[in-house]
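What follows is each chain in one-letter form.
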Amino acid sequence: MHFSNAIVRPPSRNFAAGLSSSAEGTPDVDLALEQHAAYVRALRAAAIEVTCLEPQPALPDATFVEDTAIVTGRGAILTRPGAPSRQGEVVSIGASLRNFHAELPVITAPGSVDGGDICEADGHFLIGVSARTNEAGARQLAQHLTRWGYGSSIVDIRANPALLHLKSGIAYLGDGLWVADGSFESELRSRSGIEVCDLITVSAEEAYAANCVRVNEVVLVAAGYPRLTAALSAMGCRAVTLDMSEFRKMDGGLSCLSLRF
Ligand code: CIR
């Protein structure tokens, strides 16, 4: 999968007012802005044209743009985030995505979908049903994907409260290579529609870093998780580490800071 574009949005000054279940303390907004700028530089270094949207002070979680849309090679869908406080984020994302997609279907009530629950693997989409993405939303999304000729299947993660989203625990890096929390191993291997050639199992202490992203020739991975970084290198991946400490305090993973397409 080759990406040429990304949409991002720097955190606003009241970023700390967003949703969080983390016990890691209040984020430092200036440091979060520096970390976000480094993230954008890494995308640009990977040959990505980055659209940087204005911060939205009224929507403190709006930096987590990945949750607001599913962008595929054949079309894009605006989500209806599961947290009511985040539903307003979709408007400006829609305005930006309309520069790339004329048709932009939306997930509608009672359905809810967070983009962090959607993991694409070579044309097959795993749809996590979670505290944010419900079955009605998953069904709507699957219908759009079917219309575009994609396969999809549901992964229910509700029994694992440590995972906010499916992609909190799983990443597909292309060429049959997966990174996942150990709890996903049998699930992945038993699924039809996806290929598992190699699986890097992330240890419990490094669970946060399972949310990594392949961007063209590099894999962006959170800094401070040496075992995963070494395992990626051993698999021939060029890992680029990014400090995510302030986003982690707000339950944000690395993938959720961008929409890539
Ligand atoms: C939230 O709880 O919605 C935000 N504070 C964090 C969202 C992170 N999104 C993601 O990992 N896809």
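Residues numbered from 1 in each chain as written. Predicted model: local features only at pLDDT ≥ 70, side-chain atom pairs only at ≥ 80, totals over all residues. Heavy atoms only, no water.

Taken together, 15 residues surround the ligand, and among them L19, D61, D67, R132 and M250 come closest. A distance of 2.8 Å is found between a nitrogen atom of the ligand and a side-chain nitrogen or oxygen belonging to D67. R86 has a polar side-chain atom sitting 2.8 Å from an oxygen atom of the ligand. Its residues placed into classes, the shell around the ligand shows five nonpolar, four polar and six charged. (Near = heavy atom within 4 Å. Polar contact = N/O pair within 3.5 Å; in protein donor to acceptor, adjacent residues only side chain to side chain. Nonpolar A, V, L, I, M, F, W, Y, C, P; charged D, E, K, R; others polar.)

It is worth spelling out the pairing of strand β12 (residues 218–222) at this point. If a strand is regular, its side chains alternate between the two faces of the sheet. The buried fraction of β12 amounts to five of the five residues, a majority that puts the element mostly inside the structure. Turn length for the strand β11 (residues 213–215)-β12 hairpin, with the two strands adjacent in sequence and antiparallel, is two residues, and the turn residue N216 shows positive phi of about 55°. Across five bridges, β12 lies against strand β13 (residues 238–242) in parallel orientation. By the bridge assignment for β13, V218 is matched with R238. Crossover connection from β12 via helix α5 (residues 226–234) to parallel β13: handedness right-handed. (Buried < 20%, exposed > 50% of the residue type's maximum accessible area, 1.4 Å probe, protein only. Helix = DSSP H or I, 4+ residues; strand = E, 2+ residues; numbered from the N terminus. Pairing = 2+ DSSP bridges. Right-handed = clockwise from strand over helix to strand, strands pointing away.)

This is a description of form; function is not addressed.
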